[in-house]
Amino acid sequence: MEKYGETLFALDQDEETRLRLLAEVFDPLCTRTLAALGVARDARCLEVGAGSGSVARWLCGRAPQGDVVATDLDTTLLERIPEPRLRRLVHDVTRDPFPDDSFDVVHARLVLSHLPQRDDVMRRMLRWLRPGGFVLIESFCWFPVESSPNATYRKVMQRWSSLICGTLGTDSWWSRGQPGSFLGYGYRDVGANTVTQNLQGGTRLADFWRRTVDMSREPLLSGGYVTPHELEEFHALLGDGDFWDLAPALVQSWGRK
Ligand SMILES: C[S@@+](CC[C@H](N)C(=O)[O-])C[C@H]1O[C@@H](n2cnc3c(N)ncnc32)[C@H](O)[C@@H]1O
């Protein structure tokens with residue numbers, strides 16, 4: 001398996017734009033759930049695989065007397081955040097440690113589903129939590145795409161998913177059973193919420209998915225996953241305000257120590 005960021009999702013200007021778009025589209029869902037779960041003013045927070053760092057920045061505002069650590073394999077974007085209280089750390093969640101009982105809040109969005117070691121990571125994160133602390137994991141689930149009546153949208157999105165699953169070890173279905181698996185990892189007070197978004201061509205959400213697929217344009221074409229014509233059609237659909245479908249769903253799962 002290839003590691004995230006080695007070739008797929010390598011951090012360049014296009015990936016930066018995509019990550020900022022991701023934050024714009026998905027932060028409202030995430031911060032609403034974090035707020036409902038309860039981030040205390042003195043909470044010690046860990047944002048795993050923080051990307052552009054938008055959620056870490058939000059956590060700094062919610063926990064003014066606390067401590068926020070944002071990790072990633074590459075912290076280039078995190079270094080640009082004008083937030084002196086944010087601690088930025090190059091840290092591989094699959095192997096680098098934190099002391100036991102370090103955090104009240106651990107959040108990871110669109111990170112664990114990409115990691116073949118996700119089960120082990122979930123168990124390690126439980127150790128990093130203090131008693132009473134919670135973890136919130138967010139992952140996409142592909143079921144709205146599988147049932148799309150639009151053959152081009154369905155095929156290009158499915159083939160893109162096949163490419164990243166085969167290359168990185170991503171699991172586009174893990175999120176379905178995520179809440180149940182939390183109990184097996186040792187978490188308690190498990191809960192979940194799934195958000196299925198309507199996707200209209202020409203919107204920021206459509207632009208996010210178009211850019212996401214485009215990041216893998218070369219391997220999609222050279223590996224024979226899709227044809228140039230199908231990619232063109234997909235582009236046109238996602239730019240067309242008359243095209244409506246469903247985006248992959250976002251599954252949010254949480255549990256406490
Ligand atoms: C799809 S992006 C999501 C970024 C951010 N969580 C967000 O939702 O805005 C996945 C992020 O996870 C990071 N990542 C991937 N594997 C990682 C690992 N083993 N340890 C830490 N971060 C990792 C990537 O570098 C990337 O920033």
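Residues numbered from 1 in each chain as written. Predicted model: local features only at pLDDT ≥ 70, side-chain atom pairs only at ≥ 80, totals over all residues. Heavy atoms only, no water.

1. Some remarks on the pattern of salt bridges
- The tally for this structure, following the rule as stated, stands at 17 salt bridges.
- Between R204 and E24 there is a salt bridge whose closest N-O contact spans 2.8 Å. Of this pair, R204 sits in helix α8 (residues 204–214) while E24 sits in helix α1 (residues 13–37), and the two are 180 residues apart along the sequence.
- By relative accessible area, E24 is classed as partly exposed at 43%.
- The partner of D96 in a salt bridge is R95, and the shortest N-O contact between them spans 3.7 Å. (Salt bridge = Lys/Arg side-chain N within 4 Å of Asp/Glu carboxyl O. Helix = DSSP H or I, 4+ residues; strand = E, 2+ residues; numbered from the N terminus. Buried < 20%, exposed > 50% of the residue type's maximum accessible area, 1.4 Å probe, protein only.)

2. Re the site of the ligand
- Inspection of the region around the ligand gives 16 residues, with G49, D72, D92, V93 and R109 positioned closest.
- Contact distances for the ligand include 2.7 Å between a nitrogen atom and a backbone N or O atom of G49.
- Between D92 and the ligand, the recorded distance is 2.8 Å, taken from a side-chain N or O atom to a nitrogen atom.
- Contact with the protein chains removes 95% of the 590 Å² of surface that the ligand exposes when unbound.
- More than half of the atoms of the ligand fall within 2 Å of the grid points belonging to the largest pocket.
- A breakdown of the residues in the shell around the ligand according to their chemical character gives nine nonpolar, four polar and three charged. (Near = heavy atom within 4 Å. Polar contact = N/O pair within 3.5 Å; in protein donor to acceptor, adjacent residues only side chain to side chain. Areas by Shrake-Rupley, 256 points an atom, 1.4 Å probe, with all protein chains shown as cover. 1 Å grid on protein atoms, 1.4 Å probe; cavity = no way out; pocket = protein on both sides within 12 Å on 5 of 7 lines; lining within 4 Å. Sits in = over half its atoms within 2 Å of the grid points. Nonpolar A, V, L, I, M, F, W, Y, C, P; charged D, E, K, R; others polar.)

3. Examining the packing of aromatic side chains
- Scanning the model with the defined rule gives 16 aromatic pairs in all.
- Each ring, one from W142 and one from W209, has its centre 5.6 Å from the other, and the planes form 75 degrees; the classification is edge-to-face. With a gap of 67 residues between them, W142 in the loop between β5 (129–141) and α5 (143–146) and W209 in helix α8 connect regions that are remote in the sequence. Comparing W142 with W209, the two get one shared label, buried.
- Taken together, the aromatic side chains of Y4, F9, F26, F140, W142, W160, F208 and W209 make up a single cluster linked through ring pairs.
- Between the NZ or CZ atom of R118 and the centre of the ring of W174, over which it lies, the distance is 5.9 Å. (Phe/Tyr/Trp six-rings, centres within 6.5 Å; stacked < 30°, edge-to-face > 60°. Lys NZ or Arg CZ within 6 Å of the ring centre and 35° of its normal.)

4. Structural notes on helix α4 (residues 118–128)
- Turning to α4, its buried residues are R118, V121, M122, R124, M125, L126 and W128.
- At its buried positions, α4 is contacted by β1 (44–48), β4 (103–109), β5 and α7 (174–185). (Contact = heavy atoms within 4.5 Å.)

5. A few points about the sheet that holds strand β9 (residues 249–256)
- Strands sit in the order β3-β2-β1-β4-β5-β9-β6 across an open sheet of seven strands; the sheet is mixed. Whereas interior strands pair on both sides, the edge strands pair on one side only; in this sheet they are β3 (86–90) and β6 (188–195). Here the strands of the sheet are splayed against their neighbours by 15 degrees on average, with no regard to which way each runs.
- Where β1 lies against β4, four bridges are found, and the strand directions are parallel. Following the sheet pairing, L46 is matched in β4 by V106.
- Strand contacts of α4: β1, β4 and β5, with the helix running at about 150 degrees to β5, the strand carrying the most contacts. (Pairing = 2+ DSSP bridges. Axes fitted to C-alpha atoms, helices over the stretch in contact; angles between N-to-C directions.)

6. Details of the pairing of strand β2 (residues 67–72)
- The element β2 is extensively covered by neighbouring structure, given that five of its six residues are classed as buried.
- Note that β1 and β2 share four bridges and pair parallel. Counted as the bridge partner of L46 is V69 from β2.
- Considered for its hand, the β-α-β crossover made up of β1, helix α2 (residues 54–62) and β2 is right-handed.
- As defined by bridge partners, β2 adjoins β3 across five bridges and the pair is classed as parallel. Paired with D72 across the bridge in β3 is V90. (Right-handed = clockwise from strand over helix to strand, strands pointing away.)

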